[in-house]
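What follows is the residue order along each chain.
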Amino acid sequence: MTNSSDRRQFIKLGLVGTAALVAGCSSDQVHKTDEVGPPKRILPGKGPIILSTWDHGMAANAKAFGVLQAGGSVLDAVEQGVMVTESDFSNRSVGLGGLPDRDGIVTLDACIQDHNGKAGSVAFVQQFEHPISIARAVMERTPHVMLAGAGAERWAEENGFARKDVPMAEDARRSWEEWRVKNPQPQAAGDSARVNVENRRSGGKDNHDTIGMIAMDANGQLAGSCTTSGLAFKIHGRVGDSPIIGAGLFVDGDVGAACATGTGELMIKIAGSHTVVELMRQGIAPEDACREAVERILRKNPGMTGQQVGFLALRADGAYGAYSLYNDFKYALHSATENQLMNSAFAKKWE
Ligand code: GLY
């Protein structure tokens with residue numbers, strides 16, 4: 001399907017409903033990527049469908065898919081899916097096993113949003129295994145959207161979440177200490193962003209980032225979640241895009257959902273995930289909407305190099321797409337017929 005025909009098709013959906021398009025697309029039309037180049041157009045699939053960022057998304061998707069199969073809601077699925085990643089203390093970019101901030105403290109950000117736009121979020125919290133569940137509780141049990149820092153921690157304890165102390169792993173401590181020697185007075189967010197990028201490019205265990213998950217159940221209900229320990233060695237108190245509704249995640253059941261990974265400052269400044277959903281609202285195909293958001297970041301930051309950003313988008317009719325600035329962004333896809341790691345389309349190759 002070309003961009004313009006895809007756009008026309010989506011606009012037409014508003015008139016005739018999604019059934020015709022979904023029925024017209026068999027699962028073998030879903031484009032499979034290869035290791036050689038960026039994926040071509042990804043055609044629509046059917047719900048249930050779960051997309052999540054990076055290779056850690058495979059285990060998270062498996063859990064989320066199981067939740068849907070067992071009759072759980074799509075909100076349960078996106079919460080419990082990313083809880084798997086939060087509980088993996090060998091993960092250095094999500095949960096309590098994450099790399100610490102400049103002061104050697106692990107601080108966590110997370111948010112969740114449902115089909116109707118209800119949202120919950122926590123930022124800059126310490127010593128809780130599942131910030132995503134606290135975010136959901138904020139959504140369901142308070143009149144607010146976002147709690148941060150000591151107030152969020154106190155509220156979490158008052159509401160049944162137990163603190164957990166996970167000692168810093170030896171490799172994480174070594175990385176932090178090496179970084180401190182090299183960066184006695186880091187000046188810019190880019191300092192920590194570069195560390196994450198170097199970690200990814202080293203091809204080691206840290207070649208991933210935030211987990212963002214967007215999902216649709218068999219009835220077309222959407223939800224999303226996002227959770228991270230944020231940029232390694234950030235300034236204590238720094239909050240990234242992941243707990244910010246509209247930056248790291250945005251869901252509008254009438255249109256679609258999007259989530260983001262990479263340097264949070266770049267996402268926040270263009271309200272990245274909201275931008276992707278609004279572009280889809282205008283009839284732009286999911287991958288093209290992600291690409292436009294990445295290109296907007298590039299236009300706003302001329303000369304910027306070495307910082308990754310990536311988006312996933314899932315449209316309300318089941319079409320999906322991904323686009324990143326650099327070529328190493330992978331995402332996990334789980335549908336009724338597919339369960340695999342995909343290469344995102346991208347703007348540039350790492351040199
Ligand atoms: N995208 C994660 C962060 O910047 O904190």
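Residues numbered from 1 in each chain as written. Predicted model: local features only at pLDDT ≥ 70, side-chain atom pairs only at ≥ 80, totals over all residues. Heavy atoms only, no water.

For the rest of this paragraph, the subject is the site of the ligand. Taken together, Asp209, Thr210, Gly230, Leu231, Arg238, Gly240, Asp241, Ser242, Gly262, Thr263 and Gly264 make up the full set of residues near the ligand. Thr210 has a polar side-chain atom sitting 3.0 Å from a nitrogen atom of the ligand. Within the side chain of Arg238, a nitrogen or oxygen atom sits 2.6 Å from an oxygen atom of the ligand. Protein contacts shield 100% of the accessible area of the ligand, which totals 190 Å² for the unbound molecule. (Near = heavy atom within 4 Å. Polar contact = N/O pair within 3.5 Å; in protein donor to acceptor, adjacent residues only side chain to side chain. Areas by Shrake-Rupley, 256 points an atom, 1.4 Å probe, with all protein chains shown as cover.)

With that out of the way, let us pick up the packing of helix α4 (residues 74-86) against helix α5 (residues 131-141). Running from N to C, α4 and α5 point in directions that differ by 150°, and their axes come no closer than 8 Å. In terms of orientation, α4 and α5 fall into the roughly antiparallel class. In this structure, α4 uses Leu75, Asp76, Glu79, Val82, Met83 and Glu86 to contact α5, whose residues at the interface are Pro131, Ile132, Ser133, Arg136, Met139 and Glu140. In terms of residue class, the contact of α4 with α5 is built from six nonpolar, one polar and five charged. (Axes fitted to C-alpha atoms, helices over the stretch in contact; angles between N-to-C directions. Helix = DSSP H or I, 4+ residues; strand = E, 2+ residues; numbered from the N terminus. Parallel < 35°, antiparallel > 145°, perpendicular 65-115°, else oblique. Contact = heavy atoms within 4.5 Å. Nonpolar A, V, L, I, M, F, W, Y, C, P; charged D, E, K, R; others polar.)

Side-chain pairs of opposite charge can arise whenever the charged atoms involved come near each other. If you walk through the whole model with that rule in mind, you get 16 salt bridges. With a closest N to O distance of 3.0 Å, Arg136 and Glu140 form a salt bridge. Of this pair, Arg136 and Glu140 both sit in helix α5, four residues apart, which is roughly one turn of that helix. In this structure, Arg315 engages Asp317 in a salt bridge whose closest nitrogen and oxygen atoms are separated by 2.9 Å. (Salt bridge = Lys/Arg side-chain N within 4 Å of Asp/Glu carboxyl O.)

Moving on, we get to the packing of aromatic side chains. Using the criterion set out here, one finds four aromatic pairs in the structure. Their ring planes at 65° and their centres at 5.1 Å tell us that Trp54 and Phe329 sit as a pair that is edge-to-face. On the criterion of sequence distance, the pair formed by Trp54 in the loop between β1 (49-53) and α3 (57-69) and Phe329 in the loop between β10 (320-326) and β11 (330-335) is long-range, its members being 275 residues apart. Judged by its relative accessible area of 2%, Trp54 falls in the buried class. Arranged with centres 3.8 Å apart and planes meeting at 5°, the rings of Tyr326 and Trp350 form a pair that is stacked. Here Trp350 lies in the segment after β13 (345-348) and Tyr326 lies in strand β10, a separation of 24 residues in the sequence. For the pair formed by Tyr326 and Trp350, the shared burial category is buried. Three or more aromatic residues joined by ring pairs form one cluster here, namely Trp54, Phe329 and Tyr331. (Phe/Tyr/Trp six-rings, centres within 6.5 Å; stacked < 30°, edge-to-face > 60°. Buried < 20%, exposed > 50% of the residue type's maximum accessible area, 1.4 Å probe, protein only.)

This part is about the sheet that holds strand β7 (residues 249-252). Paired through backbone hydrogen bonds, the strands of a sheet run either parallel or antiparallel to each other. Judged by pairing direction, the sheet is mixed, and its five strands sit side by side in the order β7-β8-β9-β10-β13 without closing on themselves. Each edge of the sheet is formed by a strand with only one pairing partner; in this case those strands are β7 and β13. Averaged over all neighbouring strand pairs, the angle between strand axes comes to 10°, with direction disregarded. In terms of strand pairing, strand β8 (residues 256-262) meets strand β9 (residues 309-315) through seven bridges, oriented antiparallel. Following the sheet pairing, Cys259 is matched in β9 by Leu312. Strand contacts of helix α10 (residues 272-281): β7, β8 and β9, with the helix running at about 145° to β8, the strand carrying the most contacts. Contacts from helix α11 (residues 286-300) reach β9, β10 and β13, with the element oriented near 25° to β10. (Pairing = 2+ DSSP bridges.)

We now examine the confidence of the model for the protein chain. Of the residues in the protein chain, 80% have a pLDDT of 70 or more, and the chain-wide mean is 85. Contacts of residues 1-45 to residues separated by more than four positions or lying in other chains number 75 contacts, the stretch itself having pLDDT below 50. In this model, residues 201-207 is a region of pLDDT below 50 whose contacts with residues beyond four sequence positions or in other chains number eleven contacts. (pLDDT = per-residue confidence, 0-100.)

This brings us to the pairing of strand β2 (residues 108-114). Buried residues dominate β2, accounting for seven of its seven residues. Here β2 shows two buried faces, one formed by Leu108, Ala110, Ile112 and Asp114 and the other by Asp109, Cys111 and Gln113. Following β2, the chain reverses through four residues before pairing antiparallel with strand β3 (residues 119-125); Gly117 in that reversal takes a positive phi of roughly 90°. As paired strands, β2 and strand β6 (residues 222-228) are joined by six bridges and run antiparallel to one another. The residue bridging Ile112 from the neighbouring strand is Ser225, located in β6.

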